[in-house]
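Now for the letters of each chain:
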Amino acid sequence: MSQNAYIKLVPASEKQVVTIEEIKDMFNYYKSITSKTGEQLSWGYSEAAFPYTIEEKEGANNEWFFLKGIDPRKNRYILIGVGFEKKDVETDSSENQQCYIQVSLTDISTHGDKGKANEFCKFLATKLKGELHLFNGRIMYYYPKK
């Protein structure tokens, strides 16, 4: 059975809407900072920190992509998509839409995928100052509270 985690962009977030390209850019940034950490440690940390390739299917319509594991024994797939949900059911305006990032584990995902997905969710939520709904149902708040 697949599992889902969500990063919801709330009014206090850095952005109210995020695109797939921006998320890919954040993953490329993540890869660059982990490779710099590896250089400082004289160790190939970037391969351990991000053991995936970023791939997109033709029919994705720029709404989702997946991370494919380099070593299928350890890591297989993590799906990442962007969507919108209504904040209030009664009104149907564009201001009533809340953007979220969905991170999904497939039926064949490994425990390594789940650990990395949690790590990536926390990274994205920190960068965007969002509200993270973890796979286990718990919620973590990364936005400033007033």
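Note: the structure precedes this text.
Given the structure is predicted, the values throughout are model-derived calculations rather than measurements. (Residues numbered from 1 in each chain as written. Predicted model: local features only at pLDDT ≥ 70, side-chain atom pairs only at ≥ 80, totals over all residues. Heavy atoms only, no water.)

As for the packing of aromatic side chains
With the rule as written, the count across this model stands at 15 aromatic pairs. Pairing Tyr6 with Tyr100 gives two aromatic rings, centres 5.6 Å apart and planes at 70 degrees, and the pair type is edge-to-face. Of this pair, Tyr6 sits in strand S1 (residues 3–8) while Tyr100 is found in strand S5 (residues 97–105), placing the two residues 94 residues apart along the sequence. The exposure class of Tyr100 is buried, given its relative accessible area of 16%. With a centroid separation of 5.4 Å and 85 degrees between ring planes, the pair formed by Tyr30 and Phe120 is classed as edge-to-face. Of this pair, Tyr30 sits in helix H1 (residues 20–41) while Phe120 sits in helix H3 (residues 111–128), placing them 90 residues apart in sequence. Each member of the pair Tyr30 and Phe120 is classed as buried. (Phe/Tyr/Trp six-rings, centres within 6.5 Å; stacked < 30°, edge-to-face > 60°. Helix = DSSP H or I, 4+ residues; strand = E, 2+ residues; numbered from the N terminus. Buried < 20%, exposed > 50% of the residue type's maximum accessible area, 1.4 Å probe, protein only.)

Focus: the pairing of S1
Note that S1 and S5 share six bridges and pair antiparallel. Among the inter-strand pairings, Tyr6 is bridged to a residue of S5, identified as Gln102. In this sheet, strand S6 (residues 131–133) lies alongside S1 in antiparallel orientation, the contact comprising three bridges. Across the sheet, residue Ile7 finds its bridge partner in S6, namely Leu132. (Pairing = 2+ DSSP bridges.)

As far as function goes, none of this settles anything; it's purely spatial.
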